[in-house]
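# Observations on the three-dimensional arrangement
Here are the chains, one letter per residue:
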Amino acid sequence: SRSCFDETELVRNQSAFLRARCQRLISETIKQCKDMHDEHKEKLERRVKQVQFLKTELEVRLEEINVETEELITLQTRVAKALETTAEPLRVTRLCLEERMKLGLDLLQDEVDLELLNEREVIGGVASALQQLAEEITEQIRLNRSAKYILEKDLKEKSEAQHVDTSCSLITPHTIKQPQLTSTHQQSLAVTPKQWEYVSDVNMAKAEEQKSNSASLKALVESLLEQMFADIQKQLQATAAAFRLKVQELKSAKSQMEEQLAKILPELSSQRMIRDDLNMAIAEVEEGLLKAQAQQTLRNQRPSKELCHDQAHAHLLSEIRKLSASITRLRKALVQSEEKERALVRCQLELQRSISFKASCLYTDEVVCGQHREALKACKF
């Protein structure tokens, strides 16, 4: 029948139209999927390159901060060794001061003592400064390692993100596996591209700041080490010069005293001899006086009419007066001689004491302190 034929034709036409529309839909959908996949793949690859670029920047900063830290560790070792080298000079300086103090107050506050005190102050100041530098280096190393930790953490996260994005770009229908939800990140924690880049910029800026601080600290430490070495060397030379001058002064003074003592001893011997001669002269003159006095007494026993003041009597009286005057002069000279002898003895004892003291000082400065300071020298830090 006609109606059946028309209905069949209509259904067939509708089916053909639907097939054509479905075919177009399939083509458009497949094309759209491919375009979207290609676009997504391109964006993933661009993203991977961005991540790689930041990774490279982070790796450069990480390498730089590692180099700075290693150099600081090396410098820290130098400072520690420099601090150790100050111990022996400081010990020797204090020992020399103690040795000189044993001699009493005579040597205190002389030029050598002042230089030793300056030396103790300089070396002690250097040791204190080195200790402070060591602490500053330790703190800077800690800050560098903190910056390194942040860079490494950022770099690790970038590597993980790059691996994820690379894996996404390589996924095919044949490699699809059931995803395992291991991430607990919330959508609210997502950051914008600017924020994402800003975090790494901040981390690199902090690392750059610590790198700059490390470089400044290294330059400062190098300069201070050189200056400290120069200060110690200069002071050691000044102290050594003071010791040499003091030793020369002591030797000269001791030599002059020994020469004076050599002159005093024969003079003392001569003075003792003249004292003995005076005693003998006094005894001899006293014998003469006793003889004259005895003669006068005997002549006074003459009969009264015979007591004539003759020339013999006048001469005898004159002799007694002269002998008495001579004895007075001799005894006065004896007193002066004994006083001069005592003065010479005092000079002798004082010279001997001074020579002995100079010898002790000379031994302390030239031998004792000299041996202590023999190997003492400023070590290059």
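This structure is a prediction, so every number in the text was calculated from the model and none was measured.

Looking now at the packing of helix H3 (residues 111–170) against helix H4 (residues 193–299). At their nearest, the axes of H3 and H4 sit 9 Å apart, and the two run at 165° to each other. Relative to H4, H3 is oriented roughly antiparallel. Remark: the crossing between H3 and H4 carries left-handed chirality. For the contact of H3 with H4, the per-class residue count stands at 26 nonpolar, 10 polar and eight charged.

Judged by nonpolar contacts, the single largest core of 27 residues is most densely connected at Val79, Leu116, Leu130, Leu133, Ile137, Val221 and Leu225. Contributions of two or more residues to this core are made by helix H1 (2–85), helix H2 (87–101), H3 and H4. No other element matches H3, which puts nine residues into this core. Excluding anything up to four places from it in sequence, Val79 contacts Leu130, Leu133, Ala134, Ile137 and Val221.

So, on to the UniProt feature "coiled-coil region" (unreviewed entry) in the chain. Residues given the UniProt feature "coiled-coil region" (unreviewed entry) here are residues 207–295. In this annotation, residues 207–295 is assigned 100% helix and 0% strand; the end-to-end C-alpha distance for the span is 127 Å.

With 15 residues, H2 extends 21 Å between its outermost C-alpha atoms, agreeing within 8% with the 21 Å of an ideal straight helix rising 1.5 Å per residue. Among the residues making up H2, those that are buried are Pro89, Leu90, Val92, Thr93, Leu95, Cys96, Leu97, Glu99 and Arg100.

Moving on: the pattern of salt bridges. In total, this model carries 28 salt bridges according to the counting rule given. The partner of Glu88 in a salt bridge is Arg91, and the shortest N-O contact between them spans 2.8 Å. In this pair, Glu88 and Arg91 both sit in helix H2, three residues apart, roughly one turn of the helix. One salt bridge connects Asp276 with Arg275, and the closest N-O pair in it is separated by 3.3 Å.

This brings us to the packing of H2 against H3. Where H2 contacts H3, the axes come no closer than 9 Å and their chain directions differ by 150°. When the axes of H2 and H3 are compared, the pair comes out roughly antiparallel. Where H2 crosses over H3, the handedness of that crossing is left-handed. Between H2, through Pro89, Leu90, Thr93, Arg94, Cys96, Leu97 and Arg100, and H3, the contact on the second element is made entirely by Val112, Asp113, Leu116, Leu117, Glu119, Arg120, Ile123 and Gly124. Looking at the contact of H2 with H3 residue by residue, the class counts come to eight nonpolar, two polar and five charged.

Mapped onto the elements of the fold, Asp365 is located in helix H5 (residues 311–373). Beyond its immediate stretch of four places on either side in the chain, Asp365 contacts Arg100, Phe243, Lys246, Val247, Leu250 and Gly370.

What follows deals with the environment of Ala147. Along the chain, Ala147 turns up in helix H3. Considering only alpha carbons, one finds Ala147 and Glu209, 62 residues apart in sequence, at a separation of 9.4 Å. Non-local contacts of Ala147, meaning those with residues more than four positions away in its chain, are made with Ala207 and Gln210.

So, how was this worked out
Per chain, residue numbering runs from 1 following the sequence as it is written. Local features in a predicted model are, by the rule used here, given only for residues with pLDDT of at least 70; side-chain atom pairs are given and counted only at 80 or more, and totals for whole chains, interfaces and linings are based on all residues. To get the side-chain values, all heavy atoms of the structure are used, and hydrogens and water are removed first. As a rule, the C-alpha atoms of each element are fitted with a line to give its axis, helices using only the stretch in contact, and angles between N-to-C directions run from 0 to 180 degrees. The secondary structure listing takes helices from DSSP runs of H or I that are at least 4 residues long and strands from runs of E that are at least 2 residues long, numbered from the N terminus. When an angle is under 35 degrees it counts as roughly parallel; over 145 it counts as roughly antiparallel; between 65 and 115 it counts as roughly perpendicular; any other value is oblique. By definition, any crossing whose near helix is turned counterclockwise from its far helix by less than a right angle is left-handed, and any crossing with a clockwise turn is right-handed. Gly is placed with the polar residues, together with every amino acid not listed as nonpolar (Ala, Val, Leu, Ile, Met, Phe, Trp, Tyr, Cys and Pro) or charged (Asp, Glu, Lys and Arg). Side-chain atoms within 4.5 Å are what join buried Ala, Val, Leu, Ile, Met, Phe, Trp, Tyr and Cys residues into a set we call a nonpolar core. The buried label goes to any residue with under 20% of its type's maximum accessible area, the exposed label to any with over 50%, and the partly exposed label to all in between, with areas taken from a 1.4 Å probe on protein chains only. Here, residues are in contact when the closest pair of their heavy atoms is within 4.5 Å. UniProt positions are given in the numbering used here, feature names are shortened, and annotations may be inferred rather than shown by experiment. Between the first and last residue of a helix there are one fewer steps than residues, each counted as 1.5 Å, and that sum is the expected span. Counted as salt bridges are all cases of a side-chain nitrogen of Lys or Arg within 4 Å of a carboxyl oxygen of Asp or Glu.

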